[in-house]
Every structure is written in structure tokens, then in C-alpha cells.
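Okay, here's what each chain looks like letter by letter:
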Amino acid sequence: MQTISADWKLHRLTSETQVSDFDCGDEDLNDFIKSDALKNQNDWLSVTMVLENSAGKVAGFYTITPDTLHKGRIAKSDKIGDYPYQKYPAIKLARLAVDKVYQHQGFGKELMSEFFVQAWQAVTTEGGRFITIDAKNDAVSFYQQYGFVSALEKSTESIIPLYLDFYRYYNR
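Residues numbered from 1 in each chain as written. Predicted model: local features only at pLDDT ≥ 70, side-chain atom pairs only at ≥ 80, totals over all residues. Heavy atoms only, no water.

1. Some thoughts on the layout of surface pockets
A probe matching the size of a water molecule, rolled over the atoms, marks out where space remains unfilled.
Inference 1: Taken as a whole, the largest pocket encloses approximately 860 Å³ of empty space.
Inference 2: Forming the walls of the largest pocket are 30 residues, and the residues nearest its centre are Leu29, Leu96, Ala97, Asp138 and Ala139.
Inference 3: If you list the elements that add at least two residues to the lining of the largest pocket, you get helix 1 (27–42), strand 4 (87–98), helix 2 (107–126), strand 5 (130–136) and helix 3 (140–144).
Inference 4: Ranked by the residues each element gives to the lining of the largest pocket, the list is headed by strand 4, at six residues.
Inference 5: Class assignment for the residues of the lining of the largest pocket results in 15 nonpolar, seven polar and eight charged.
Inference 6: Computed from the structure, the second largest pocket encloses a volume of approximately 200 Å³.
Inference 7: Forming the walls of the second largest pocket are 13 residues, and the residues nearest its centre are Ser46, Val47, Ile64, Thr65 and Pro66.
Inference 8: Counting only elements with at least two residues in the lining of the second largest pocket, the list comes to strand 3 (58–70) and helix 2. (1 Å grid on protein atoms, 1.4 Å probe; cavity = no way out; pocket = protein on both sides within 12 Å on 5 of 7 lines; lining within 4 Å. Points joined across faces, edges and corners; volume = space filled by probe spheres on them. Helix = DSSP H or I, 4+ residues; strand = E, 2+ residues; numbered from the N terminus. Nonpolar A, V, L, I, M, F, W, Y, C, P; charged D, E, K, R; others polar.)

2. Examining the sheet that holds strand 4
Paired through their backbone hydrogen bonds, the strands of a sheet run either parallel or antiparallel.
Inference 1: Strand order in the open sheet formed by seven strands is 1-2-3-4-5-7-6, with mixed pairing between adjacent strands. Two strands in the sheet have a free side with no partner beyond their single neighbour: strand 1 (8–12) and strand 6 (149–150).
Inference 2: Docked against the sheet, helix 1 engages strand 1, strand 2 (47–53), strand 3, strand 4 and strand 5, running at close to 120 degrees with respect to strand 2.
Inference 3: The strands touched by helix 2 within the sheet are strand 1, strand 2, strand 3, strand 4, strand 5 and strand 7 (159–165), with strand 4 carrying the most contacts at an inclination of about 155 degrees. (Pairing = 2+ DSSP bridges. Contact = heavy atoms within 4.5 Å. Axes fitted to C-alpha atoms, helices over the stretch in contact; angles between N-to-C directions.)

3. Some words on the confidence of the model for the protein chain
Inference 1: This prediction gives the protein chain a mean pLDDT of 92; 95% of its residues lie at or above 70.
Inference 2: Here helix 4 (residues 166–170) stands out as the element of the protein chain with the lowest mean pLDDT, 86, in contrast to helix 1, whose mean of 98 is the highest. (pLDDT = per-residue confidence, 0-100.)

4. Topic: the environment of Tyr170
Inference 1: Tracing the backbone through its elements, the reader meets Tyr170 in helix 4.
Inference 2: We classify Tyr170 as partly exposed; its relative accessible area is 48%.
Inference 3: Taking the C-alpha atoms as reference, Tyr170 lies 8.5 Å from Trp120; in sequence the two are 50 residues apart. (Buried < 20%, exposed > 50% of the residue type's maximum accessible area, 1.4 Å probe, protein only.)

5. Thoughts on the nonpolar core
Inference 1: Core analysis: the biggest nonpolar cluster contains 31 residues, and Phe115, Phe116, Tyr143 and Phe148 have the highest contact counts within it.
Inference 2: Elements that contribute at least two residues to this core include exactly strand 2, strand 3, strand 4, helix 2, strand 5, helix 3, strand 7 and helix 4.
Inference 3: By residue number, the principal contributor to this core is helix 2, which donates seven residues.
Inference 4: When sequence neighbours within four positions are dropped, the list of residues in contact with Phe116 reads Ile131, Tyr146, Phe148, Leu164, Phe166 and Tyr169.
Inference 5: Counting twelve residues, the second-largest nonpolar core is a separate cluster that includes Phe22, Leu29, Ala37 and Phe61. (Core = buried A, V, L, I, M, F, W, Y, C linked by side-chain atoms within 4.5 Å.)

6. Details of the pairing of strand 7
Inference 1: The buried count for strand 7 comes to six of seven residues, which makes it a mostly enclosed element.
Inference 2: Judged from the seven bridges that link them, strand 5 and strand 7 form a sheet pairing that is antiparallel. Looking at the pairing, Ile131 lines up with Leu164 of strand 7.

7. With respect to the packing of aromatic side chains
Inference 1: The final tally for this structure, using the stated rule, is 20 aromatic pairs.
Inference 2: Ring geometry for Trp8 against Phe107: centres 5.1 Å apart, planes inclined by 70 degrees, an arrangement best described as edge-to-face. One end of the pair, Trp8, is in strand 1; the other, Phe107, is in helix 2, with 99 residues separating them in the sequence. Considered together, Trp8 and Phe107 belong to a single accessibility category, that of buried residues.
Inference 3: Ring plane angle 75 degrees and centroid distance 6.0 Å describe the contact between Tyr143 and Phe148, whose orientation is recorded as edge-to-face. For the pair shown, Tyr143 and Phe148 are each scored as buried.
Inference 4: Arg95 extends its terminal NZ or CZ atom over the ring of Phe32, reaching a point 4.2 Å from the ring centre. (Phe/Tyr/Trp six-rings, centres within 6.5 Å; stacked < 30°, edge-to-face > 60°. Lys NZ or Arg CZ within 6 Å of the ring centre and 35° of its normal.)

Encoded structure:
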């Protein structure tokens, strides 16, 4: 297992970031980082953070964006008393991927840890009680280890909506 050392730096995606060789094994995620992530970021739709070593190799990335979570999509025990609106403010983990070379070496966990730091910073300055994810079916168990649960709605065969009460997660 490779440890993540000081040789790695997490930073915001830029036009200089070399993503052309990135391959996580999922064409949708590969296409996103190569074709859409920077454009979406420049249009203020999302922010993509990349984990890159000193040689310029990107091990992985995550994308964060604002979201909402409808009251009807969460368990009754997660509802907030007298909150008057139909939707709760949320932070969305829109994408997370690790290059095949670095999979199963702790890079996904490192990216999640960094995402939680960034989400906490967003929540403490703008608000947002929940974190949402539209997880690929094969990634659900990865997110469940952090406490994410299935949203109360229909899912497709390939996408499972998940959420986490970040307030409870942070204050446990």
C-alpha cells in the first residue's frame, strides 16, 4: 500500500493540470475530468480539486457543488423539526475518481477526507446541513462506510442517490 506523502498536493483544477492520461476505468468520469470539469468550474457551476504529485501525475479528483435535498427524500429521523421549507440546503459530492494506477491505495479515502474539510468550510460560511451523492452502483459501499444512506426515491440501475446528515456526522 502506497502512503500519501508530502509529494502529493491537492489543488483546484487549472488549465495547466495534466489530465489527458487520467484513467479511472469509468469512461463517464474520465470524460468529465478531461472535457467538462474545467468548463463547469469556469462557469461557476462546480469546483474540481485534483490530487497531483510533483511530477504532474493526477492520482484522483473530486468535484463539489451546491445542492438541495427535498424533505421527502430523507428518513423521518433525519428531518429537522420545524424547518419550514421543502428543501434543505446541501453540498453535493458530484464526482470522485481515482486513477487505476492508484486505486486501492488510500487515495479515495484521502480525497474523501479533503472533501469533508472543504464541505465543512462551505457549511460554516454558507450553510448546508446535508451532503448528497449520486453514487455509481459499484461505489455505494465505499460511501456507506462514511455513514451515507440511500435517499428515499427510485434509483436507476447504475445511479443510487445517497445522503449524509453532515451535522450529525461532524458532531458524533
